[in-house]
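So the chains spell out like this:
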Amino acid sequence: MLFTLVKMSPKKLKNTLAKQDSLLKMLESVAELGKKCVNNPKDTHSRSQFRYKVCNVDNLYKEINDLVDLVNDMKSEDDSEYEPDFSDLEKSSDLLAKVRDYQCQLMQTSSDQSSSSKAPPSEDSHERKARVRLPPLELPSFNGDVNRFPVFYYAFKSMIHDNTELSDEQRIQYLIGKLSDKAVSVVSGVPATISSGIILWINTWTLVSCLAPISIRF
């Protein structure tokens, strides 16, 4: 806003000062509203009003700044010894800074609420899920039936042979424990040791190969 410097009457000066004071109070009200919103984030009505009014604070500050300059110029014109007063300008600057700070705090609160809505399930939720237990997978046995060997082979390989938490001795024990009938007769007499583990596995496979040719990928 541009003002033309003219010699004003006391009444004109009074009106200008009143307008300056009114604009300053408007800026104060926006700052108070922002503080209220920060202290009570759930007050959606106040937050809506603040978002609307905060758009005009820069114009309020500029107009106050212009009026402060105009009043000082007018008073200096009437009184050469008058000392310019910029206290209202300093006050309006502080109020504008507060408004911006409240605005940033509210934006951060909104961002935090949005993030929390996408947060992973709480510990209680994990505990509830942990109580839902699936039945354990049962390792199939092998009795020498060639048609059942593929199922046994891949299940044993996945659950036992490739299980890094098991020792070689444990793998051999699992293998022997899951053989029956013709299959167990092939490995009978072979000690369940690490060195004989390969023999047990080869003998089991040999039994199947003799019964019928099937395609198994190792």
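Residues numbered from 1 in each chain as written. Predicted model: local features only at pLDDT ≥ 70, side-chain atom pairs only at ≥ 80, totals over all residues. Heavy atoms only, no water.

## Looking at the nonpolar core
As a reminder of what qualifies: Definition of nonpolar core: a set of buried residues of the types Ala, Val, Leu, Ile, Met, Phe, Trp, Tyr and Cys, connected through side-chain atoms within 4.5 Å. A simple rule labels every residue: compare its accessible area, found with a 1.4 Å probe on the protein chains alone, to the largest value its type can have, and call it buried under 20%, exposed over 50%, or partly exposed in between. The numbering of helices and of strands both runs from the N terminus, where a helix is a DSSP run of H or I of at least 4 residues and a strand a run of E of at least 2. Whether two residues touch is decided by their heavy atoms; if any such pair falls within 4.5 Å, the residues are in contact.
Within the largest apolar cluster, 20 residues are counted, with the highest numbers of intra-cluster contacts made by Leu 27, Phe 50, Val 57, Ile 64 and Val 99. Within the residue set of this core, elements represented by two or more residues are helix H1 (10–39), helix H3 (57–78) and helix H4 (87–117). Beyond its immediate chain neighbours, meaning those up to four positions away, Phe 50 contacts Val 30, Leu 33, Gly 34, Cys 37, Val 99, Tyr 102, Gln 103 and Leu 106. By size, the runner-up hydrophobic cluster in this structure holds 12 residues, among which are Phe 142, Tyr 153, Ile 160 and Leu 166.

## Brief notes about the packing of helix H6 (residues 149–161) against helix H7 (residues 168–177)
Rules: Here an axis means a line fitted to C-alpha atoms, over the contact stretch when the element is a helix, while the angle between two N-to-C directions is reported on a 0 to 180 degree scale. Angle categories are assigned with fixed cut-offs, so that under 35 degrees is roughly parallel, over 145 is roughly antiparallel, 65 to 115 is roughly perpendicular, and the rest are oblique. Each crossing gets its handedness from the near helix: less than a right angle anticlockwise from the far helix is left-handed, clockwise is right-handed. Ten residue types, Ala, Val, Leu, Ile, Met, Phe, Trp, Tyr, Cys and Pro, are classed as nonpolar, four, Asp, Glu, Lys and Arg, as charged, and the remainder, Gly among them, as polar.
Between H6 and H7, the shortest axis-to-axis distance is 11 Å and the interhelical angle comes to 150 degrees. The pairing of H6 with H7 is recorded here as roughly antiparallel in orientation. Where H6 crosses over H7, the two elements pack in a sense that is right-handed. Contacts between H6 and H7 involve Phe 152, Phe 156, Ile 160 and His 161 from the first element and Arg 171, Tyr 174 and Leu 175 from the second. Residue composition of the contact of H6 with H7, by class: 5 nonpolar, 1 polar and 1 charged.

## A closer look at helix H2 (residues 44–53)
Here is the rule we go by: Note: the arc covers the axis-to-C-beta directions of the helix.
When H2 is considered as a whole, its buried residues turn out to be Ser 46, Arg 47 and Phe 50. An end-on view of H2 places all buried positions within 100 degrees of arc, on one side of the element. The exposed residues of H2 that point more than 90 degrees off its buried face are Thr 44, His 45, Arg 51 and Tyr 52.

## Considerations on H6
Our working definition: In this scheme, a helix's expected span is set at 1.5 Å multiplied by one less than its residue total.
Here H6 spans only 15 Å end to end across 13 residues, well under the 18 Å set by a 1.5 Å rise per residue. Along H6, the positions that sit buried rather than exposed are Phe 149, Phe 152, Tyr 153, Ala 155, Phe 156 and Ile 160.

## Digging into the packing of H1 against H2
Contact geometry for H1 and H2: axes closest at 9 Å, N-to-C directions at 140 degrees. Classed by the angle they form, the pair H1 and H2 counts as oblique. Judged by the sense of rotation from one axis to the other, the crossing of H1 with H2 is left-handed. In contact with Val 30, Leu 33, Gly 34, Lys 36 and Cys 37 of H1, H2 contributes Ser 46, Arg 47, Gln 49, Phe 50 and Lys 53. For the contact of H1 with H2, the per-class residue count stands at 4 nonpolar, 3 polar and 3 charged.

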